[in-house]
Amino acid sequence: MKKIIIAIDGFSGCGKSTTAKAVAKALQYTYIDSGAMYRSATLHFLKQSTNLDNLDEIKQSIGQLQLEFRVNGEGGAQKVFLNGIDVEEDIRGMEVNTQVSRVSKIKEVRVQLVNMQRKLGKAKGVVMDGRDIGTVVFPDAELKVFMTADLDIRAKRRQKEMLEKGKEVSLDLIKQNLSDRDLQDSTREESPLKKAADAVELDTSNLAFDEQVNAILNLAKERMN
Ligand code: DC
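Residues numbered from 1 in each chain as written. Predicted model: local features only at pLDDT ≥ 70, side-chain atom pairs only at ≥ 80, totals over all residues. Heavy atoms only, no water.

Engineer: Explain the sheet that holds strand E8 (residues 200–203) to me, please; I cannot follow it from the model alone.
Structural biologist: Sheet strands pair by backbone hydrogen bonding; their relative direction is either parallel or antiparallel. Strand order in the open sheet formed by five strands is E2-E6-E1-E7-E8, with parallel pairing between adjacent strands. Both outer strands of the open sheet, strand E2 (30–33) and E8, are each paired with one neighbouring strand and no more. Geometrically, the sheet is characterised by an average inter-axis angle of 20 degrees between neighbouring strands, direction not taken into account. Pairing geometry for strand E1 (residues 5–10) and strand E6 (residues 126–130), over five bridges, is parallel. The partner of Asp9 across the bridge, within E6, is Gly130. Lying over the sheet, helix H9 (residues 209–224) contacts E1, strand E7 (143–148) and E8, oriented at roughly 160 degrees with respect to E7. (Pairing = 2+ DSSP bridges. Helix = DSSP H or I, 4+ residues; strand = E, 2+ residues; numbered from the N terminus. Axes fitted to C-alpha atoms, helices over the stretch in contact; angles between N-to-C directions. Contact = heavy atoms within 4.5 Å.)

Right under this line is the structure:
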């Protein structure tokens, strides 16, 4: 069976990353979380106190951004390292959540991260999730999935996920953040979130986790032949 690229795009909090991870594991593919890259760039700017209204500062700061994915021993969990430091936890906090869409709009940031993403996917056998994977990063991906889910369901899932990590955040705040990001991500000028014409839409509102993973695995198997 040939190795393919699986692009999974969709709104915030649809379960793209947990689904993509499980799909990659089942196929023994590499999972790449492109959102973690935008989150890490955001954390980098916050740490460097980069003025996001100053393009020269942004360019200088992004030149000092070094990202790496490392697979951790226990259960093979993947962690993102920013300039050699494990930031997997820090990039999931509310501070990054509120700034990341602003950073994702910046063309210079996107150009650099899209280059990295294409290099990571060059050998195929990858599952990458994000907002522009099927439209911009890999327009020739053999399988493109566009995930959606009802906003209330997404917010509850995200709250549960955060609680499991010891972070207590109100449902209203999460809902507000998700809908703000959806709006910013889908209306920005640079690579807005949209369904690629040849993507398969998967509404996960009423699907159990295994069902959504299996739906993608079935499509992947078709495309591999
Ligand atoms: O998938 P996520 O929620 O971790 O992504 C965080 C933010 O990064 C999201 O609000 C938009 C941005 N993003 C993007 O613009 N393009 C991608 N390919 C992935 C994420």
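Once you've had a look at it, read on.
Engineer: How should the sheet that holds strand E4 (residues 78–82) be read in this particular structure?
Structural biologist: In space, the three strands of this open sheet follow the order E3-E4-E5, with antiparallel pairing throughout. For this open sheet the edge positions go to strand E3 (67–71) and strand E5 (85–86), each flanked by a neighbour on one side alone. Pairing of E4 with E5, which is carried by two bridges, proceeds in the antiparallel orientation. Bridge pairing links Phe81 to Asp86 in E5. Lying on the sheet, helix H2 (residues 34–47) is in contact with E3 and E4; it crosses E4 at an angle near 30 degrees.

Engineer: Explanation requested: the site of the ligand in the structure shown.
Structural biologist: Of all residues adjacent to the ligand, which total 15 residues, the nearest are Arg39, Arg110, Arg131, Asp132 and Arg188. In this structure, Arg39 approaches the ligand through a side-chain N or O atom, which is 2.7 Å from an oxygen atom. Taking Arg131, its side chain carries an N or O atom lying 3.0 Å from an oxygen atom of the ligand. Taken by itself the ligand offers 450 Å² of open surface, and the protein chains cover 96% of this. Of all elements in the fold, only H2, helix H4 (94–104) and helix H8 (171–187) reach the threshold of two or more residues within the shell around the ligand. The element that contributes the greatest number of residues to the shell around the ligand is H2, accounting for four residues. Looking at the shell around the ligand residue by residue, the class counts come to three nonpolar, five polar and seven charged. (Near = heavy atom within 4 Å. Polar contact = N/O pair within 3.5 Å; in protein donor to acceptor, adjacent residues only side chain to side chain. Areas by Shrake-Rupley, 256 points an atom, 1.4 Å probe, with all protein chains shown as cover. Nonpolar A, V, L, I, M, F, W, Y, C, P; charged D, E, K, R; others polar.)

Interpretation in functional terms is not warranted from these geometric data alone.
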